[in-house]
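Chains, contacts and geometry: an overview
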Amino acid sequence: MAENTSVLTAQETFGEDPVTGIGLMADDARVAARTLARAPRARKDRALHLMADRIEARRDSILEANARDLERGRQEGISTALLDRLKLDAARITGLADSLRELAALPDPVGTVVRGQTLANGLRMRQVRVPLGVVGVIYEARPNVTVDVAGIAVKSGNAVLLRGGSAAQDSNRALVGVLRDALADARLPVDCVQTVDDYGRDGANALMGARGKVDVLIPRGGRGLIQSVVTNATVPVIETGEGNVHVFVDESAPTDMAVKVVVNSKTHRTSTCNTAETLLLHSGAEEAAREVLAALDKAGVTLHVDDRAAALLPPGSDHLKATDEDWATEYLDMDLAVKVVDGLGEALEHIRAYSTGHTEAIVTNDLANAERFTAEVDSAAVLVNASTRFTDGGQLGLGAEIGISTQKMHARGPMGLEELTTTKWVVQGDGHVRT
């Protein structure tokens, strides 16, 4: 059994200069990616199972590393939402291992024929899926992303350079070591998974500037991180993340359904990008609105309400007067903006004004309203009578995800295996020449 494949720091291996060091790491990743792109599915799946087994076998050491990160985070005063993202426990470790095994069970996208035909002149052409190559991922305080990204990359034939941030440095170091050991035992290049964390913030900047070395860069985190990468990177970027998510309770919404969907959308796990941040209530759904607001208040949600919503609150509820800033805020906490609207049209106008294009949901018994909502809302995911928390690769049967893309080019919504591939054309002839 391989052990401690990655021992030296990046500086000890590649030198102190982050631009030079990350360039050399990307070169190694490129070589590794070429080998991985040719690897049969059975070997990649074996690597995923070994990763899962090793994570569970080294649970205690991973949790010890995570405990150090959590304690340092508390001392540095990072937010409750970030601490929740950062935290690993026994159940989350099991979830990481299970997600890798689920990935192994999914079809391999590499080599899939998207389309093909034989032309009138006898040329045989087909468009096939191939890996992107070298993928950089910048994220913060999310050790689960380390495992998810590595697993998706291996299955889809890509090498990854990971920048997981200082908040999770001990957790990520432990996890990357486990993952590289598993790759070695599966007889795959360990440089398919590398971390640039040793270079710190300068390493992140060097990764953003590694055009020609890194094929695509994916930021995953809060608005500040995502916009920094989008603004400063010279490497092509797939924009993910920020979720100012809305739920609209229509006039026809059944009360019990509205309560279940809204409460789950807000409280299931508040630190995620698919958590509801604004609730829009139809003025004609007064009974449902009162029950929903009472349930949210009972669950401990701080409600930021407009004047009409305030009139529907139970006595003594924990609430604040909503401001224009609230409609644009991604709280990632037990806070929710609430507005009463006079119809579907007004709800759609509000969503168009404030949505980040991530996820929106409607609770309704009116088929026409449901169809109009899904047709007119321009977001990566639109849900009818279901919690916004289902905007998740695993929940939608895609396995682990590398993020939720909110852009419209190449990939949109949960990014799974296919989204980490591109295509190329293969044309076969028999001495054909063009005349």
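Residue numbers run consecutively from 1 along every chain, following the written order of its sequence. Totals for whole chains, interfaces and linings use all residues, but because this is a predicted model, local features are given only for residues with pLDDT of at least 70 and pairs of side-chain atoms are given and counted only at 80 or more. Computation of side-chain values: all heavy atoms of the structure, hydrogens and water removed.

If you look the protein up in an unreviewed UniProt entry, it shows as Gamma-glutamyl phosphate reductase from Kocuria varians. UniProt positions are given in the numbering used here, feature names are shortened, and annotations may be inferred rather than shown by experiment. Turning to the protein, the UniProt annotation filed under Sequence similarities (unreviewed entry) states: "Belongs to the gamma-glutamyl phosphate reductase family." Under the Subcellular location (unreviewed entry) heading, UniProt states for the protein: "Cytoplasm".

Attention now goes to the pattern of salt bridges. Side-chain pairs of opposite charge can arise where the charged atoms are in close proximity. The working definition used for a salt bridge is a side-chain nitrogen of Lys or Arg within 4 Å of a carboxyl oxygen of Asp or Glu. Under the definition given, this model contains 29 salt bridges. Here R74 makes a salt bridge to E71, at a shortest N to O gap of 3.8 Å. Here R74 and its partner E71 are both found in helix α4 (residues 59-76), three residues apart, which amounts to about one turn of the helix. According to the relative accessible area criterion, E71 is partly exposed, its value standing at 37%. The salt bridge partner of R412 is D378, with a shortest N-O separation of 2.9 Å. Strands are runs of DSSP state E lasting at least 2 residues, helices are runs of H or I lasting at least 4, and numbering of each runs from the N terminus. Burial classes follow relative accessibility: with a 1.4 Å probe on protein chains only, a residue under 20% of its type's maximum area counts as buried, one over 50% as exposed, and anything between as partly exposed.

Let us now look at the nonpolar core. For the purposes of this section, nonpolar cores are sets of buried Ala, Val, Leu, Ile, Met, Phe, Trp, Tyr and Cys residues that join through side-chain atoms within 4.5 Å. Membership of the largest hydrophobic core comes to 51 residues, with the highest contact counts inside it found for M51, I55, L162, L183, V193 and I402. If you list the elements that add at least two residues to this core, you get α2 (18-38), α3 (41-57), α6 (90-105), β3 (134-139), α7 (143-156), β4 (159-163), α8 (169-185) and β6 (216-220). For this core, the leading source of residues is α7, giving seven residues. Whether two residues are in contact is decided by their heavy atoms, any of which lying within 4.5 Å being enough. Those residues within four positions of I55 in sequence are excluded, and the remaining contacts are I62, I93, L100, V147, V178 and L179.

As a further point, take the sheet that holds β6. Strand pairing is assigned whenever DSSP detects at least two bridges linking the two strands. The four strands lie next to each other as β5-β4-β3-β6, forming an open sheet whose pairing is parallel. Either end of the sheet is taken by a strand with one partner, and the two such strands are β5 (193-195) and β6. For this sheet, the mean angle separating the axes of adjacent strands, direction not counted, is 20°. Relative to β4, α2 is tilted by about 145°, and along the sheet it contacts β3, β4 and β5. Only the stretch in contact is used when fitting a helix axis, every axis being a line fitted to C-alpha atoms; angles between N-to-C directions are given from 0 to 180 degrees.

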